[in-house]
Amino acid sequence: MHTQNAFGLKLLWLAVGAALLCAPLAAQKKPPVETPKLTPHVGDLESAKAQAQERNAPVLIHMVLDGEADNDSYREKVLKDTELIKASVGAVVLIANNGTHAKKEIEGKKVCEVYPMFDSCGKHQQNWDALYGMYKEDSGDLRCPQVILLLPDGKEHMRWHDGTVPAAEDVRGSLLEAVKFAGPSLTAEQLATVKKLAAEGRTADAAADAVASWKAWNGVLQLTPKGQWATEATKGRDAAWSAVQLRVQTLYADLVPGKVVAAVDALQALAKELAGTPLEKDIQQRLKKAEAQKELKDELAKARLEAEASAILKEAETAADLGDDKKAEKAARRLFAKKYRSTGAARVGKERWPDLYESIERAEREK
């Protein structure tokens, strides 16, 4: 009996151990990979071309008939190909079919039974007549399935119209080739960002704010280096950069006695705005060189001292205005130290706290 209990306990511990070993494996189980969904354009051909030009994206047109074996095969093997659907994110996709189908319900929504990416057959029918007129044979026949691939400027890049079913990988390869040829395309979100940056660039240009203009147009080009937006952005960026360089050179010329303080302040502000550019490093090096010049040292040191005193004065005045007399007096005492006493800020402070100023001077005389 005792032996049986021991054996039972041993089995129990083995079971618990196995469960503990398996638990991490279960926890590490990867979630199922979500199958991508094809999201075609729901407008007409002209609006698809306009969107393609804005996004710098190719237009991929699928023309499919109902009731023919090759077309049915195309719909199943090409339209539903996972890798082609992934690649199609970089394009504006049109699906044209002139059939009328029953509806089915998916996730609570009524959709076309054959083309469930549309909520009604009218959406896949709307471009059929226009495309038929453009791509029919001289005989009037339209060979289907048919695939047309247009570049962002509307020029034809590839077309399958021999009546056979092209391989999905061939369509995908040509699509990726078109994307590479045209340059990076924009998603809807990126397009919104580009439009915002372009508006900022135009506003900055109108205000002659060269740095803001350069930042905005450079931002556009980082998202879309080729295409419709890139032309305007390149022109705006280059003009703004020339203006920035001219501004820097003008400030460099002001690194002389009598002007150096204002020039240094302006250059330091510019260096911050141009962080990460070669010009930032150039400015920093020029400032170090200026600060090492004997004829500029005293003027810059006096300006820094005045800036420090002004900051202390502001601290004292703010505390006093808020009713914190103890903090205000503490800051004023720092302001009235010998180091700052000759500054304009100290003279302003003397008018506000004359008794404190006199007591500090008296204490120093009595030493």
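Provided above is the structure to which this section pertains.
Sequence order as written defines the numbering, with residues in each chain counted from 1. Reporting in this predicted model follows two pLDDT cut-offs: at least 70 for local features of residues, and 80 or more for side-chain atom pairs to be given and counted; totals over whole chains, interfaces and linings ignore these cut-offs and use all residues. The basis for every side-chain value is the complete set of non-hydrogen atoms in the structure, without hydrogens or water.

Chemist: Could you clarify how one ought to interpret the side chain of His 41 in this entry?
Modeler: Going along the chain from the N terminus, every DSSP run of H or I of four or more residues is numbered as a helix, and every run of E of two or more is numbered as a strand. Structurally, His 41 is set in the loop between helix H1 (2–27) and helix H2 (45–55). Taking relative accessible area as the criterion, His 41 reaches 14% and is therefore assigned buried. In the analysis that follows, any N or O atom pair within 3.5 Å is treated as a polar contact, provided that within protein one partner can donate a hydrogen and the other can accept it, and provided that, for residues neighboring in sequence, both atoms belong to side chains. Of note is the side chain of His 41, whose polar atom sits 3.3 Å from the backbone nitrogen of Gly 43. When a residue's accessible area, from a 1.4 Å probe over protein chains only, is under 20% of the maximum for its type it is buried; when over 50% it is exposed; and in between it is partly exposed.

Chemist: Got a minute to help me understand the packing of aromatic side chains in this structure?
Modeler: Two measures describe an aromatic ring pair: the distance that separates the ring centres and the angle between the ring planes. Only rings of Phe, Tyr and Trp enter the pairing, Trp through its six-membered ring, and a pair is recorded when the two centres are within 6.5 Å. The plane angle decides the type: under 30 degrees is stacked, over 60 is edge-to-face, the rest tilted. Counted according to the given criterion, the structure contains two aromatic pairs. Taking 5.0 Å as the distance between ring centres and 40° as the angle between the ring planes, the aromatic pair formed by Trp 214 and Trp 241 counts as tilted. Pair noted here: Trp 214 is in helix H9 (residues 210–223) and Trp 241 is in helix H10 (residues 228–253), with a separation of 27 residues, a long-range link. With a centroid separation of 5.0 Å and 90° between ring planes, the pair formed by Phe 336 and Tyr 357 is classed as edge-to-face. Within this pair, whereas Phe 336 is found in the loop between helix H14 (325–335) and helix H15 (344–352), its partner Tyr 357 is found in helix H16 (residues 354–365), the two being separated by 21 residues in sequence. Exposure remark for Phe 336: the relative accessible area of 1% places this residue in the buried category.

Chemist: Teacher, can you tell me more about the pattern of salt bridges here?
Modeler: A side chain of one charge can pair with a side chain of the opposite charge when the charged atoms of the two come close. The term salt bridge refers to a side-chain nitrogen of Lys or Arg lying within 4 Å of a carboxyl oxygen of Asp or Glu. Tallying each qualifying case throughout the model produces 18 salt bridges. Residue Lys 196 is joined to Glu 200 by a salt bridge in which the shortest nitrogen-to-oxygen separation is 2.6 Å. Of this pair, Lys 196 and Glu 200 both sit in helix H8 (residues 188–206), separated by four residues, roughly a single helical turn. With a shortest N-O distance of 3.0 Å, Arg 352 and Asp 321 are connected by a salt bridge. In this pair, Arg 352 is assigned in helix H15 and Asp 321 in helix H13 (residues 294–321), connecting sequence segments 31 residues apart. Since its relative accessible area comes to 38%, Arg 352 is described here as partly exposed. Residues joined in a network through salt bridges with shared partners are Arg 341, Glu 361, Glu 364 and Arg 365.

Chemist: What is the right way to look at the environment of Lys 196 in this model?
Modeler: Taking the relative accessible area as the measure of exposure, Lys 196 reaches 52% and is therefore exposed. Spatially, the C-alpha atom of Lys 196 lies 8.9 Å from that of Ala 216, the residues being 20 residues apart in sequence.

Chemist: Sorry, what's going on with the packing of H10 against helix H11 (residues 260–273) here?
Modeler: Two quantities define a packed helix pair, namely the angle between the axes and the distance from one axis to the other. Remark: H10 packs on H11, axes separated minimally by 9 Å, with the N-to-C direction vectors making an angle of 150°. Taken together, the axes of H10 and H11 are roughly antiparallel relative to one another. The way H10 lies across H11 gives a crossing that is left-handed. Contacts between H10 and H11 pair Arg 247, Val 248, Leu 251 and Tyr 252 from the former with Ala 263, Ala 266, Leu 267 and Leu 270 from the latter. Any residue outside Ala, Val, Leu, Ile, Met, Phe, Trp, Tyr, Cys, Pro, Asp, Glu, Lys and Arg is labelled polar, Gly included; the first ten of those are nonpolar and the last four are charged. Its residues assigned to classes, the contact of H10 with H11 comprises seven nonpolar, no polar and one charged. For helices, the fitted line uses only the C-alpha atoms of the stretch in contact; every axis is such a line through C-alpha atoms, and the angle between N-to-C directions lies from 0 to 180 degrees. Each angle gets one of four labels, with under 35 degrees taken as roughly parallel, over 145 as roughly antiparallel, 65 to 115 as roughly perpendicular, and the rest as oblique. Throughout, a crossing is termed right-handed when the near helix is turned clockwise from the far one, and left-handed when it is turned anticlockwise from it by less than a right angle. Pairs of residues are marked as contacts when any of their non-hydrogen atoms sit within 4.5 Å.

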